[in-house]
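For reference, the chains in residue letters:
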Amino acid sequence: AKILKISPDKLWLRLVVSSGTYIRSLAYDLGKKLRIGAYIIELKRTKIGSLKLESALVPSKIKLNNVVKSY
């Protein structure tokens, strides 16, 4: 985990986790341990497997002929 920023009421983290990790549960457990409560305001997945956010298409730019059917 990398702490990106801390303010009196917020904490920004960058986490690299394995499949199946529940980030919302991690926030809950952290708040419980600190006895202050905690919840997620924003969650951004930047990578899932070999798929990266910077390679993603903007939804409005997706056309039917760009979609690969995988069934």
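Preceding this paragraph is the structure being described.
**Q** Outline unusual backbone geometry, supporting the account with residue identities and numerical values.
**A** Despite not being glycine, Arg35 shows a phi value in the positive range, around 60 degrees. Given the relative accessible area of 78%, Arg35 is considered exposed.

**Q** Which residues make up a nonpolar patch on the surface, and what values do they have?
**A** Together, Ile3, Ile6, Leu11, Leu13, Leu15, Val17, Leu26, Leu30, Leu34 and Ile36 make up a nonpolar patch on the protein surface, roughly 910 Å² of accessible area in all. Examining the composition of the nonpolar patch, we find that 3 residues originate from one element, helix α1 (residues 23-34), more than from any other. Inspection of the secondary structure puts Leu13 in strand β2 (residues 10-14).

**Q** Go over the environment of Leu4 with me, naming the residues and quoting the values.
**A** Tracing the backbone shows Leu4 in strand β1 (residues 2-7). If sequence neighbours within four positions are ignored, Leu4 has contacts with Trp12, Leu13 and Arg14.

**Q** Before we move on, can you summarise the pairing of β2 with the specific residues and values?
**A** One ladder, built from 5 bridges, connects β1 with β2; its direction is antiparallel. Opposite Lys2, over in β2, you have Arg14 as the bridge partner. Taken together, β1 and the strand that follows it, β2, pair antiparallel across an intervening segment of 2 residues.

**Q** Which residues make up the environment of Ala1, and what are the values?
**A** Along the chain, Ala1 turns up in the segment before β1. We classify Ala1 as exposed; its relative accessible area is 92%. Each C-alpha atom of the pair Ala1 and Ser55 lies 24 Å from the other, and the pair is 54 residues apart in sequence. Look past the residues within four positions of Ala1 in its chain and what remains in contact with it is Arg14 and Leu15.

Criteria and thresholds
- Residues numbered from 1 in each chain as written.
- Predicted model: local features only at pLDDT ≥ 70, side-chain atom pairs only at ≥ 80, totals over all residues.
- Heavy atoms only, no water.
- Buried < 20%, exposed > 50% of the residue type's maximum accessible area, 1.4 Å probe, protein only.
- Patch = residues over 30% accessible without salt bridge, like charges linked within 9 Å, V, L, I, M, F, W, Y side chains within 5 Å.
- Areas by Shrake-Rupley, 256 points an atom, 1.4 Å probe, with all protein chains shown as cover.
- Salt bridge = Lys/Arg side-chain N within 4 Å of Asp/Glu carboxyl O.
- Helix = DSSP H or I, 4+ residues; strand = E, 2+ residues; numbered from the N terminus.
- Contact = heavy atoms within 4.5 Å.
- Pairing = 2+ DSSP bridges.

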